[in-house]
Each structure stands twice: as structure tokens, then as C-alpha cells.
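Coordinates in review
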Amino acid sequence: MSPEPYDRDLTLPPPRLSVGAAGWVRANLFGTWYDGVLTLVCAAALALALWFGLVWVFRDADWGVVATLGGNFAIGQYNTEAACPGKNCFWRPQVVLLLVTMFLGMSWGLTKSGIARTVAILVASAAAAFAFLPYSMEKMGMDVRVLLLANAPALGAGWAIARHTSMSVRWFIILGVAAFLLSLGLLRGLPGMQPVPTIYWGGLMLNLLLAVGGIAASLPIGVALALGRRSRLPVVKVMCVTFIEVFRGVPLITLLFMSQVLVPLAFPEDFPLNSVARAGIIITLFSAAYMAENVRGGLQALDPGQMEAARALGLAAWQTTLLISLPQALRNVIPAIAGQFIGLFKDTSLVYIIGMLDVVEIGRAFILGNPEYLENARELFVFLALVFWIFTYGMSYVSRRIEYHLGVGKR
Amino acid sequence: MAGTDAAEDIIVCRHVHKWFGEFHALKGVTTSVRRGEKVVILGPSGSGKSTFIRSINRLEEHQKGDIIVDGVRLTNDVRDIDAIRREVGMVFQSFNLFPHLTVIDNITLAPIKVRKWPRAQAEEAARALLERVGIPEQAEKYPSELSGGQQQRVAIARALAMQPEIMLFDEPTSALDPEMIKEVLDVMRELATSGMTMLIVTHEVGFAREVADRVLMFDEGVIIEDAPPDDFFNNPQHERAKAFLSQILA
């Protein structure tokens with residue numbers, strides 16, 4: 001028998017029920033009789049949960065408690081009479097928000113990538129949208145609304161600055177650190193301004209300050225620790241291993257307690273570090289210890305041939321690390337790094353343990369202080385869960401986009 | 001032994017020993033390579049041939065004996081090692097291109113970072129090298145988008161970008177499909193005619209016969225044959241060399 005002639009097209013379409021939506025449903029939902037039963041039971045349970053959930057959200061729940069707390073969620077007691085006597089200090093966190101928006105605009109102008117654009121526009125429009133909250137003018141004045149609206153031009157300004165100066169990444173980072181420090185100074189009160197003690201800092205602002213500072217600082221510290229742990233110098237190695245194991249081995253709550261209780265014992269009473277700074281440092285170091293192990297995992301997964309090739313080309317050891325090892329190692333552990341950052345953000349709510357009123361504690365303290373709202377605790381915590389979820393989902397989304405974006409040259 | 005004229009010798013090895021833990025990988029290797037010479041290194045796996053050429057740019061550290069490359073003695077002095085690595089290019093069995101950089105960035109990296117060339121000059125040189133290895137159109141791609149043969153040619157271009165005096169090839173075609181071996185060997189042939197000093201670990205006998213000035217055969221950490229290719233292939237002296245040749249020529 002002669003073989004089939006080559007020029008005849010032997011390509012056939014696949015059987016209809018194996019592809020497309022019908023094929024997917026058949027393969028995944030009703031493959032066997034017990035798959036079918038499971039699918040039906042789960043679908044029924046989901047439908048019921050969704051139904052009761054929607055009924056509660058739209059009919060039974062009383063969301064008044066969220067509206068009542070309003071700006072307290074955002075800034076805690078920052079603008080109370082005790083924090084800022086005789087003055088209105090609400091504009092300061094708002095200016096900080098404007099700086100954030102401007103910075104996001106700059107990152108959009110800088111990277112020309114879709115990720116930065118999406119995040120920048122979402123944040124700026126959300127901030128501007130708050131200007132239209134149906135509060136009375138007495139509760140939310142015109143000044144507040146105007147500053148919120150200003151987030152839109154701030155975004156444009158940041159974008160234009162980055163575009164027109166063709167800003168380098170180095171300057172972007174320097175400006176970012178400067179803006180962060182300026183924000184801290186502004187909130188604390190720059191010289192000549194009414195100081196606002198850090199014990200009054202609170203709300204989502206406190207969570208975000210701790211999270212942003214912690215994330216920005218723990219990545220480089222974690223990378224340094226990971227490299228130190230792989231160092232051939234025994235002193236460096238032992239120091240890094242000790243640091244990592246101590247900070248990983250102790251619960252964050254314990255570390256926060258120790259920072260509050262032990263540090264003042266060991267240092268003079270007028271030790272300049274306030275509780276926010278101490279909490280920030282503890283959270284940063286705690287996160288850095290985990291980060292170090294993530295990065296080390298990425299470094300260990302690298303093909304030794306990569307380093308050999310770099311060294312054979314005459315690159316110095318530090319150049320090999322900076323240009324060859326780290327970019328590949330960090331890219332490989334983006335999911336772990338994103339997970340670490342999400343954990344860090346959620347952990348910032350633990351600062352309630354040292355008496356700070358983060359966004360969760362604001363809600364809890366309000367319920368405790370106003371028993372008439374006790375029945376609304378459920379609404380309050382559902383709202384808080386949603387707030388946390390929005391931020392963590394945003395981080396997860398950004399990390400996935402970055403992963404996809406950097407996956408271009410993946411082996 | 002060939003190449004005893006010290007003035008001409010670009011690589012001199014005297015009684016080089018290397019241990020991996022208890023394993024004695026190089027057992028007193030003594031040889032030298034003249035400027036412009038093409039040396040093919042053969043031997044069964046585990047015979048020390050890769051360890052030997054990796055010692056020449058100190059990817060492996062020898063523990064006894066002397067290795068002198070281009071007048072510089074290899075010690076633990078980092079500056080000496082870096083200086084030698086700048087003059088010695090290396091091509092690996094598994095290419096070892098940097099996957100996070102494009103082809104052109106792979107090639108320009110070392111000239112820019114080590115030689116401190118301006119980017120424009122480095123890129124111009126890189127494009128000329130890509131032309132030379134026959135893939136000028138692949139400059140903006142990532143290594144993963146290229147075939148194995150193309151990747152190895154990029155790796156050769158990357159090594160050549162540093163304008164080395166010596167090129168080391170560690171089984172450059174062993175990871176390639178048969179139809180890609182030829183394109184890499186063609187590039188190496190062209191390079192050989194340009195007068196480059198080359199040390200090549202390979203199993204490509206035809207290539208060795210054609211290009212080599214000398215063939216070294218390693219066995220159990222010792223050089224057991226050192227002869228021009230015709231003598232080596234037609235009239236091997238050592239029993240192990242005969243056995244090895246009968247296996248690879250079969």
C-alpha cells in the first residue's frame with residue numbers, strides 16, 4: 001500500500017463536543033455522573049448564598065454607620081480638636097493624597113505602560129469622585145471638595161512633568177522618596193506649622209503610610225539581606241542569618257509590643273522615635289526578613305551558567321549580581337513578593353495593639369463607644385473587608401500585569 | 001612538545017592540579033598554546049578536558065601549578081582575574097545567554113559595562129558581529145525566541161564583542177540538533193581563519209581534522225596525546241587514545 005499523497009490536506013476539524021463552550025462544560029462540569037451531581041449542588045448553594053447576600057446588602061443592611069464614620073475612616077482622629085486645636089488640618093492629608101496622585105501620574109508618563117495608567121486613572125478618579133459625596137456642606141466643606149477634585153489636574157501635572165523632562169528612573173525614585181518624606185513632614189507639621197502628634201494619626205491613612213513605607217524599604221533591605229546571607233564573608237553571613245531568623249521567628253505582634261515597651265526602657269525618655277516611626281520600622285524589618293528568603297529562593301533557582309557567563313565576560317562580581325542575577329531572581333519571585341506586600345498591608349492593622357487607631361480599630365472603637373450602633377457592626381466590618389480587598393486586589397492585579405509584562409523574554 | 005618557544009606562547013600551563021573534594025580532576029597538566037594556534041581537546045567525559053579550559057579563565061580554581069595567560073599569572077588577585085577574563089572569551093555548551101536581555105543587549109552588555117564603551121559604539125560593533133555570525137535580523141529578539149543554533153551564534157558574538165585574544169569553546173555543539181551544528185561550526189571555521197587563538201573541547205572529529213593545528217587528548221586528568229590532527233587520528237600512540245578513537249569514529 002502506498003503512503004497517502006503529501007499534497008492532500010489531511011487536517012480535520014475536532015469533534016464538535018470537545019471544543020468551545022459546550023466542550024468545556026461537558027469536560028469540566030458534567031464529565032461523570034458524580035461531577036454532574038456536584039455541579040448541580042454547588043450551583044444551588046452558590047445561587048442561595050448570592051440571593052441572601054444581595055437581599056442583605058440591598059434591603060436589610062443599614063449602611064448609615066459607614067456614612068456616619070465617613071472621613072474618620074480616611075484619617076482617624078487627625079482633624080479633631082485635640083489633634084489640631086483651633087485649626088483645620090484636614091488639608092494636609094489631602095495634599096499628601098495630591099502628591100500620591102501626582103506621583104502615579106509621573107509613573108504613567110514614565111513607563112508608558114498600561115498598568116501605571118490604569119492605576120493612576122483609577123486612583124485619581126476615585127479621589128475626585130469623593131468630592132461629590134452627598135454630605136452636607138457643614139460636614140464636608142467646599143475646601144475639602146475642591147482639594148479632592150484637584151486630584152484630576154494633579155494626575156495630569158505628574159504625567160506632563162515625567163513626559164516633558166524625560167525623567168530617568170533614578171530621578172523618579174529620588175523624587176518618590178522625597179515626596180514620601182515631605183508627606184511625613186507635612187502630616188507631622190513642618191516648621192512654622194501646628195504640629196499634629198503621631199498618636200492622632202489614624203484611619204486608612206495610617207495603614208497606607210505604614211504599608212507604602214514598609215514596602216518601599218523592605219524590598220531593598222530584603223535584597224541586601226538575601227545577598228548577605230549568600231555572602232562568602234562569614235561575619236556578614238552570620239549577621240544576616242541571625243537577623244532573618246530572629247525577625248521571622250517572632251510574631252509581629254510581639255515585635256510591636258517590644259518596640260513599644262522595651263525600646264523606651266533601653267533609650268532615654270525623649271528618644272525621638274514616635275510610635276508611628278517605631279511601628280513602621282518594625283513592620284519594615286519584619287517584612288524584610290521574609291523578603292530576604294523570597295529573594296534568596298529566586299537567586300538559588302538561577303542557572304549557575306548565567307553567573308559563569310557574566311564572569312567569563314569580565315563583569316565584576318557586583319555587576320554580575322546587579323545586572324544578571326537580581327533581575328532574573330526578582331522576576332522569578334514576583335508572585336511571592338506580591339504575596340509578601342499584601343500580607344504586609346493587612347498586617348498594618350495590627351498596630352491597634354500598640355494603641356494606634358488604624359482603619360479597623362477606628363471602626364471597632366466607634367462601635368464600642370456608641371453602643372446604639374452595636375447592631376451595625378456587621379455592616380461596618382463588611383465595609384472594612386471591602387476596603388482591604390480593593391487594595392489587596394489592586395496589588396495582586398499590578399503584580400500579575402508586571403509578571404506578564406516581564407514575561408516577554410522568559411525561557 | 002609543540003609551542004615551547006616562550007615568546008610565542010599565549011597560554012602556559014605547568015603541572016596544573018585540580019581537585020573537586022577528594023576527586024583529582026587534573027593531575028599535573030603541562031602544555032602551552034601559541035598565539036593564533038587552534039587546539040582541539042578530546043577525551044571521554046570526566047577526563048578533565050572541560051575543567052582544563054575552565055581553569056584558563058578561572059571559572060575553576062586550580063590548586064597547584066601555574067597557569068600564565070598573556071603574560072599574567074593566575075592567582076587569587078581579583079584584578080588579574082578580571083583582566084584575563086576580558087581577554088579570554090568563552091562559549092558554553094548550554095549557550096548561557098541572558099534571558100532577560102535582548103540579543104543586542106546580551107552582546108553590548110560587557111563592552112558597555114566593562115570596556116566602558118559608549119552605547120552607540122557598542123551597538124555598532126554588536127551589529128557588525130551579528131552580521132558576521134549571520135543573524136543580523138535577530139538583534140531585537142530575546143534569546144528564547146531563537147533556535148539553538150542561533151543562540152549559540154549570539155553567544156559567540158557576545159564573546160567576540162570584548163575583542164578577546166583567546167576564545168575558549170566548551171562543547172559548543174553538544175546541545176544542538178544535527179542540522180544546527182553545521183551553522184555553528186561554520187562560524188567557528190570563519191573565526192579560525194581570522195587568526196584567533198582557539199581552544200575547543202568538542203566531539204566533532206571532522207571539524208577537528210580540518211581546523212586544528214594540534215589535538216590534545218585528555219584521559220583521567222592527564223594529557224595522553226599531543227599531536228597534529230593527522231598524526232593523532234591516523235596513528236594514535238596511546239592505547240586509550242586508540243580505544244577512544246575507535247569508539248567515536250565507529
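Residues numbered from 1 in each chain as written. Chains lettered and ligands numbered in written order. Predicted model: local features only at pLDDT ≥ 70, side-chain atom pairs only at ≥ 80, totals over all residues. Heavy atoms only, no water.

1. Looking at the packing of helix α14 (residues 275-300) of chain A against helix α16 (residues 317-332) of chain A
All names here are of chain A. At a closest axis distance of 8 Å, the pairing of α14 and α16 adopts a crossing angle of 115 degrees. Here α14 lies roughly perpendicular to α16, going by the angle between them. With respect to the hand of their crossing, α14 and α16 are arranged in right-handed fashion. Contacts between α14 and α16 involve V295, G298 and L299 from the former and S325, L326, A329 and L330 from the latter. Considering only residue class, the contact of α14 with α16 consists of five nonpolar, two polar and no charged. (Axes fitted to C-alpha atoms, helices over the stretch in contact; angles between N-to-C directions. Helix = DSSP H or I, 4+ residues; strand = E, 2+ residues; numbered from the N terminus. Parallel < 35°, antiparallel > 145°, perpendicular 65-115°, else oblique. Left-handed = near helix turned anticlockwise from the far one by under 90°. Contact = heavy atoms within 4.5 Å. Nonpolar A, V, L, I, M, F, W, Y, C, P; charged D, E, K, R; others polar.)

2. As for the side chain of Q319(A)
Within the secondary structure, Q319(A) is located in helix α16. Among all residues touching Q319(A), those that are not within four sequence positions of it are I324(A), K113(B), V114(B) and K116(B).

3. A look at the packing of aromatic side chains
The full count for this structure, using the stated rule, is 13 aromatic pairs over all chains. Seen in terms of ring centroids, F52(B) and F218(B) are 5.2 Å apart; in terms of plane orientation they differ by 40 degrees. Their pairing is tilted. One end of the pair, F52(B), is in helix α1 (residues 49-56); the other, F218(B), is in strand β9 (residues 214-219), and 166 residues separate them in sequence. Grouping residues by exposure puts F52(B) and F218(B) together as buried. One aromatic cluster is present, built from ring pairs that chain together F345(A), F388(A) and F391(A). In this structure, R158(B) packs its charged tip against the face of F98(B), placed 4.5 Å from the ring centre. (Phe/Tyr/Trp six-rings, centres within 6.5 Å; stacked < 30°, edge-to-face > 60°. Buried < 20%, exposed > 50% of the residue type's maximum accessible area, 1.4 Å probe, protein only. Lys NZ or Arg CZ within 6 Å of the ring centre and 35° of its normal.)

4. Side note on unusual backbone geometry
Residue and element names in this part refer to chain B. Phi at R58 is positive, roughly 65 degrees, even though this residue is not glycine. Tracing the backbone through its elements, the reader meets R58 in the loop between α1 and β4 (64-69). If you check the backbone angles, Q163 has positive phi at about 50 degrees while not being a glycine. Checked against the element boundaries, Q163 lands in the loop between α5 (148-160) and β7 (166-170).

5. Side note on the state of the cysteines
Residue and element names in this part refer to chain A. According to the stated counting rule, one finds one disulfide over all chains in the structure shown. Shown here is the disulfide that connects C84 with C89, its sulfur atoms set 1.6 Å apart. Here C84 falls in the buried class, since its relative accessible area comes to 0%. (Disulfide = S-S within 2.5 Å.)

6. Structural notes on the sheet that holds strand β10 (residues 222-227) of chain B
All names here are of chain B. Here we have six strands laid out as an open sheet, ordered β6-β7-β8-β3-β9-β10, and mixed in their pairing. Every other strand in the sheet has two partners, leaving β6 (88-91) and β10 as the edge strands with one partner each. Each strand axis lies, on average, 20 degrees off the axis of its neighbour in the sheet, ignoring direction. The pairing of strand β3 (residues 38-42) with strand β8 (residues 197-201) spans four bridges and is parallel. The residue bridging V39 from the neighbouring strand is L199, located in β8. Relative to the sheet, helix α6 (residues 178-193) contacts β3, β7 and β8, its axis offset from that of β8 by approximately 150 degrees. (Pairing = 2+ DSSP bridges.)

7. Remarks on the side chain of R145(A)
All names here are of chain A. Within the element layout of this structure, R145 appears in helix α7 (residues 142-149). At 7.7 Å, D143 is the nearest oppositely charged side chain to R145, a buried residue that forms no salt bridge. Beyond its immediate chain neighbours, meaning those up to four positions away, R145 contacts A131, F132, L133, Y135, S136, M137 and M140. (Lys, Arg positive; Asp, Glu negative; His and termini not counted. Salt bridge = Lys/Arg side-chain N within 4 Å of Asp/Glu carboxyl O.)

8. Description of a nonpolar patch on the surface
All names here are of chain A. A cluster of nonpolar residues, L50, L54, V57, F58, W63 and V382, forms a patch on the protein surface that exposes about 560 Å² of accessible area. For the nonpolar patch, the element with the most residues is helix α2 (residues 33-60), which contributes four residues. Here V57 lies in helix α2. For V57, a relative accessible area of 32% puts it in the partly exposed group. (Patch = residues over 30% accessible without salt bridge, like charges linked within 9 Å, V, L, I, M, F, W, Y side chains within 5 Å. Areas by Shrake-Rupley, 256 points an atom, 1.4 Å probe, with all protein chains shown as cover.)

9. Re the interface of chain B and chain A
Contacts between the two partners involve 24 residues from chain B and, on the opposite side, 22 residues from chain A. Between chain B and chain A, the buried area comes to about 1900 Å², and carbon and sulfur atoms account for 62% of it. Looking at the side of chain B facing chain A, the largest losses of area belong to R85(B), P99(B) and H100(B), adding up to 28% of the total buried there. Our count for the chain B to chain A interface comes out at two salt bridges. Joining chain B to chain A, the criterion identifies six residue pairs in polar contact (both at pLDDT 80 or more). Secondary-structure elements contributing two or more residues to the side of chain B that touches chain A are α2 (78-87), β6, α3 (103-113) and α5 of chain B. (Buried area = accessible area lost by both parts, 1.4 Å probe. Polar contact = N/O pair within 3.5 Å; in protein donor to acceptor, adjacent residues only side chain to side chain.)

10. Points about the pattern of salt bridges
Opposite charge on two side chains allows them to pair when their charged atoms are near. One pass over the full model with this rule turns up 32 salt bridges over all chains. Between R248(A) and E293(A) there is a salt bridge; the shortest N-O distance is 3.9 Å. Taken as a pair, R248(A) in helix α11 (residues 234-249) and E293(A) in helix α14 lie far apart in primary sequence, 45 residues in all. Note on R248(A): relative accessible area 30%, which makes it partly exposed. Taking relative accessible area as the criterion, E293(A) reaches 16% and is therefore assigned buried. One salt bridge in this structure joins E210(B) and R189(B), with 2.8 Å as the shortest N-O distance. Residue E210(B) is located in helix α7 (residues 205-211), and its partner R189(B) is located in helix α6; the two are separated by 21 residues in the primary sequence. The network of salt bridges with common partners includes R229(A), E245(A), R248(A), E293(A) and R296(A).

11. Observations regarding the domain arrangement of chain A
Residue and element names in this part refer to chain A. By domain assignment, chain A separates into domain 1 (77-199) and domain 2 (201-411). Using only C-alpha atoms to locate each centre, domain 1 and domain 2 end up separated by 23 Å. At the interface, 14 residues of domain 1 touch 14 residues of domain 2. Buried surface at the junction of domain 1 and domain 2, both sides included, amounts to about 1300 Å², of which 75% is carbon and sulfur. The three residues of domain 1 that bury the most area against domain 2 are I115, F180 and T198, which together make up 45% of that side's buried surface. Linking domain 1 to domain 2 there are zero salt bridges. Across the contact surface, domain 1 and domain 2 share two residue pairs in polar contact (both at pLDDT 80 or more). Elements with a minimum of two residues in the side of domain 1 that touches domain 2: α6 (114-129) and α9 (169-188). Among the elements that make up the side of domain 1 that touches domain 2, the one with the highest residue count is α9 (four residues). (Domains from an automatic or database assignment.)

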